[in-house]
Amino acid sequence: MILLGDFNVHVNTPDDYDAKHFITSFESAGFCQHVSGPTHKYGNTLDLIFSHPEDGLFRDTFTGTRLSDHHVIFCTLNLDKPTDVKEVRNCRNFRNMDQTSLNNDLVCKFKMLVSESNNSDLVTSKYNEIITDALDTHAPNTRKVCRARVRQPWYTQDIHKARRERRRLERRWRKSKSEAHHELYIAQNNVVNSMIETAQITYCKSEFENADSKSVFKLVKGLLNSSKKVLPDHGSAKELSDEFANIFSEKVANIHRELKIEQSRIKNVVDVLYDNTVSCNLAHYDPVNEDDVVDLINKSANKSSILDPIPTWYIKQNMSVFVPVIHRIINVSLTTGVFPDALKQAIINPLIKKQSLDPNVMKNNRPVANIQFISKLIEKYVFRCINAHIDKYNLGEEYQSAYRSLHSTETALLHVKTNIMQYLYNQPAVYLVLLDLSAAFDMVEHSVLVHRMANEIGLSGTALDWYKSYFTNRTTKICINGTFSDPHQMYYGLPHGSIVGPASFRIYIIPVGRIIRKHQIHYHMYADDIQLFLNFNPSDPISIQCALSRLSNCISEIKLWMTNNMLMLNDNKTEFFIAASIGASYHQIFIFKLITMLSFPLTLFVIWVSSLMVSFPCQPTLQPCVVMSLTIFVT
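All values derive from a computational prediction rather than experimental measurement. Here the residue index of a chain counts from 1 through its sequence in written order. This being a predicted model, a pLDDT of at least 70 is required before a residue's local features are given, and a value of 80 or more before pairs of side-chain atoms are given or counted; all residues contribute to the totals for chains, interfaces and linings. Water and hydrogen atoms play no part in the side-chain values, which are based on all heavy atoms of the structure.

This paragraph deals with the overall build of the protein chain. Along the backbone of the protein chain there are 18 helices and 18 strands. Working definition: with a 1.4 Å probe on protein chains only, accessible area under 20% of the residue-type maximum means buried, over 50% means exposed, and in between means partly exposed. Counting over 635 residues, the protein chain shows a buried share of 41%. In what follows, residue pairs with any heavy atoms lying within 4.5 Å of each other are defined as contacts. Sequence separation of 24 or more characterises 73% of the internal contacts of the protein chain that already satisfy a separation of 6 or more. For the area figures, the Shrake-Rupley method with a 1.4 Å probe applies, and any residue is considered shielded solely by the protein chains shown. Counting every atom, the protein chain has about 34000 Å² of accessible surface; 53% of that belongs to carbon and sulfur. Only runs of H or I of at least four residues qualify as helices and only runs of E of at least two qualify as strands under DSSP, and these elements are numbered from the N terminus.

Here is the structure:
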């Protein structure tokens, strides 16, 4: 560990109380200070370097030339210089390619393909082959070794030119040692710093002003550099890819095995109690027209998968070439009810769940799937058709906020908070249970999902056949720095990076809403997160017992349904909160705590975590609340 910077403490005057206290504090923590002599133009020692002596990091430290108000401090460290990170990329030279010749070649071959077959597998495979063969002729693949360097989005050519000018002036000053050249260098340095600061501010303001609520989270992650990819530091790329593949597969297989054992212990589980059969029917999807294809492409991000034969941006720039054949592929898939096998492979990129977690613990990563662009276009159109059908006949769960237009994390939070605040007007306390599932999307049984598609939203005919085909023969590969693991068959679960997959989970758990409503408990769901909340009177033991009994019965029934549908409640992330109006006297709240802890009728093991005061931003007439938080383990 090295601590360094301008501490702005005059340690060159040891008799000064603040300086003495400052140095003593660092010495008590085992640090020593390595800088001696003045570091500021007025002769004070302000710029300091601290380290632990036992680390043996420093060989020598000395003060160099003054470039600003402060001197440069040089130090020699006992560390090996890290080698430059280099990447070997397979790339095509699109910039110097004759695009007109390529497009003419593609148009000629696509014409034969459009009128050739009604087999979606054949059409899609030939589409990929035609593009790959044409690119091999006009822009062959080349291997390029390059340093991993990421330019910031605010970095402009003007800044680049200004930095080059600063470097030129610095070289001239170092050669001449002239004060005049030094002043020119300092002036240019100030210009560069000002340009960078202005560019950063302008970029951030522009991005946040034009961002919707969903994009804000991505912007903050980018600014905090918390979305960078972190990989374990052991093993080759092939070893890591195979290890990740085994870990992700074993995790799902272990949960699946536990649920099967649990199912065998449960008797008389009748899922029909929660299922529904609708009279409205969706037997086929309407054919897509070319205008719809153009709209789908324009509204898609410019992201490309390593499986794509050609980048997405090239398709967008040459719509007239690609739209007719893409239109043909989508319509053949929809009318035949067959999803092409060529699009059923997904490339998985491990992504660390939180930057604070240890990347060497592979379980701290989540699998993020990457699929072909054509697959996303087909799925987007099917997703539109399904959503339009659900909205038309009001078939979806009312309080499910995921994968719906105008329903987001923001609206979900507002709904839960607003309801809790309203309930506190009537009774001074509210129970809030946050249920979470383990690997929910990875555990979905395809047969159960198809059954629910037919019964809950009325899919039949080629519309239902398309869904059956979509989940058949899917495979995944882990990709680490361009190296792939062996393919793994996907027997259950939903592809994370797909459009239709995660959205189907909304339909998969529709019966959960019926269970909760049956127990007359307020709730809200977002994907696999379920919030249950119920108000009660903390000074009335009967009210407490009644509320807890209803929650207990509801959670038990949800857990039973989850087990029967191959889903598992995540005990580690399931939490229990108590929100109480401060208007209730403190002795009532204390008794309320004891009653909750000692006579909790739920089949739950309760651990007291914390009690804190919070003020909700609400109407002035509403008192602040005492919120008590407990972690629960569902037994």
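Now that the structure is up, let's keep going.
For patches, a residue must show more than 30% relative accessible area and have no salt bridge; joins then use 9 Å for like charges and 5 Å for nonpolar side chains, namely Val, Leu, Ile, Met, Phe, Trp and Tyr. Salt bridge criterion: a side-chain nitrogen from Lys or Arg within 4 Å of a carboxyl oxygen from Asp or Glu. Together, F208, V220 and L223 give the surface a local cluster of nonpolar side chains, amounting to about 240 Å² of exposed area. Taking relative accessible area as the criterion, V220 reaches 35% and is therefore assigned partly exposed.

This brings us to the packing of helix 8 (residues 290-298) against helix 10 (residues 319-336). In a packed pair of helices, the relevant descriptors are the angle between the two axes and the axis-to-axis distance. Here an angle of 0 to 180 degrees is reported between the N-to-C directions of two axes, which are lines fitted to C-alpha atoms, with helices fitted over the stretch in contact. The N-to-C vectors of helix 8 and helix 10 enclose an angle of 110°; their axes lie 9 Å apart at closest approach. In this view, helix 8 runs roughly perpendicular relative to helix 10, as classed from their interaxial angle. Here E290, V293, V294, I297 and N298 of helix 8 come into contact with helix 10, specifically with M319, V323, P324, I326, H327 and I330. Residues were grouped as follows: Ala, Val, Leu, Ile, Met, Phe, Trp, Tyr, Cys and Pro as nonpolar; Asp, Glu, Lys and Arg as charged; and all remaining residues, including Gly, as polar. For the contact of helix 8 with helix 10, the per-class residue count stands at eight nonpolar, two polar and one charged. Each angle receives one of four descriptions, namely roughly parallel if under 35 degrees, roughly antiparallel if over 145, roughly perpendicular if within 65 to 115, and oblique otherwise.

The N-to-C vectors of helix 11 (residues 373-393) and helix 14 (residues 461-470) enclose an angle of 135°; their axes lie 13 Å apart at closest approach. Our classification of the angle between helix 11 and helix 14 gives oblique. Like other packed secondary-structure pairs, helix 11 and helix 14 cross with a definite hand, here left-handed. Note on element contacts: helix 14 touches helix 11 through W466, Y467 and Y470, opposite I378, E379, V382 and I386. Residues that form the contact of helix 11 with helix 14 fall into these classes: six nonpolar, no polar and one charged. A crossing counts as left-handed when the near helix is turned anticlockwise from the far one by less than a right angle, and as right-handed when that turn is clockwise.

This part takes up helix 1 (residues 17-28). One fewer than the residue count of a helix, multiplied by 1.5 Å, yields its expected span. The end-to-end C-alpha separation of helix 1 is 16 Å, in line with the 16 Å expected for 12 residues at 1.5 Å each. In this structure, the buried side of helix 1 is in contact with strand 1 (2-6) and strand 3 (47-51). Positive backbone phi, at 85°, marks G30, one or two positions downstream of helix 1.

Hydrogen bonds between backbone atoms are what pair the strands of a sheet, whose relative direction is either parallel or antiparallel. Spatially, the three strands line up as an open sheet ordered 1-3-2, and their pairing is antiparallel. Among the strands making up the open sheet, the edge pair consists of strand 1 and strand 2 (32-33). Should DSSP find at least two bridges between two strands, the strands are regarded as paired.

A turn of α-helix holds 3.6 residues, and therefore any two residues three or four places apart point the same way. Of all the residues in helix 14, the buried ones are A463, L464, W466, Y467, S469 and Y470. Buried residues along helix 14 sit in contact with helix 10, helix 11, helix 13 (446-456) and helix 15 (500-508).

With respect to the helices and strands, the residue H182 is situated in helix 5 (residues 179-210). Not counting residues within four places of it along the chain, the set of residues in contact with H182 comprises R66, L67 and W173.

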